Amino acid sequence: MTLTPSSTPVPLPRTRVCALDDILPGTGVCALVAGQQVAVFRVGGRVYAIGNRDPFTGANVLSRGLTGSYVAGGQTRVKVASPLLKHAFDLESGLSLDDPCVSVPVYAARTEGGDVWTGSLA
């Protein structure tokens, strides 16, 4: 099987995804934003948004993955492991922790007024 890195994501329009309270801490949800499946996670008091498609299987399942942390370069970082084959992805960079040549798109995400927003945040 040959995998190629994900292409640079198309910027998404500013979109309200859901209320922050709709995402349990340590979990994710999937949102359809401008035709793109986006996995949005609430981990450690922050929100993260990545592409929902697992590049190893082609299935849109990353929002259902298991979140956790790992240490790289002396820094604690956050990750999600795909629920299918358990390949892990850094939630900030989108890079695969199993194959440095593979990544998922990363999108801007933040909370505002108790809601989660993704896309262009300017």
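So, how was this worked out
Sequence order sets the numbering: in each chain, residues are counted from 1 along the sequence as written. In view of the model being predicted, local features appear only for residues whose pLDDT reaches at least 70, and side-chain atom pairs are presented and counted only at 80 or more, with totals across whole chains, interfaces and linings using the full set of residues. Side-chain calculation: all heavy atoms of the structure are included, whereas hydrogens and water are not. Paired rings are identified among Phe, Tyr and Trp, the last through its six-membered ring, by centres lying within 6.5 Å, and are further divided according to the angle between planes into stacked (under 30 degrees), edge-to-face (over 60) and tilted (the rest). Any Lys NZ or Arg CZ that is within 6 Å of a ring centre and within 35 degrees of that ring's normal is treated as a charge sitting over the ring. Salt-bridge detection follows one rule: a side-chain nitrogen of Lys or Arg within 4 Å of a carboxyl oxygen of Asp or Glu. What counts as a helix is a DSSP run of H or I of at least four residues, what counts as a strand is a run of E of at least two, and both are numbered from the N terminus. Remark: exposure states derive from per-residue accessible area (1.4 Å probe, protein chains only) relative to the maximum for the residue type, with buried under 20%, exposed over 50%, and partly exposed in between.

## Some remarks on the packing of aromatic side chains
Moving on, step 1. What the rule picks out here adds up to 1 aromatic pair.
Moving on, step 2. Stacked on the ring of Trp 117, the Lys or Arg Arg 14 has its end atom at 4.1 Å from the ring centre.

## Quick word on the pattern of salt bridges
Moving on, step 1. In this structure the tally under the stated criterion is 5 salt bridges.
Moving on, step 2. As a salt-bridge pair, Arg 46 and Glu 92 come within 3.9 Å of each other at their nearest N and O atoms. Taken together, the residues span a long stretch of sequence, with Arg 46 in strand S4 (residues 46-51) and Glu 92 in the loop between strand S7 (88-90) and strand S8 (106-107) at a distance of 46 residues.
Moving on, step 3. A salt bridge links Glu 112 to Arg 110; the nearest nitrogen and oxygen atoms lie 2.9 Å apart.
Moving on, step 4. For Arg 110, a relative accessible area of 30% translates into the label partly exposed.

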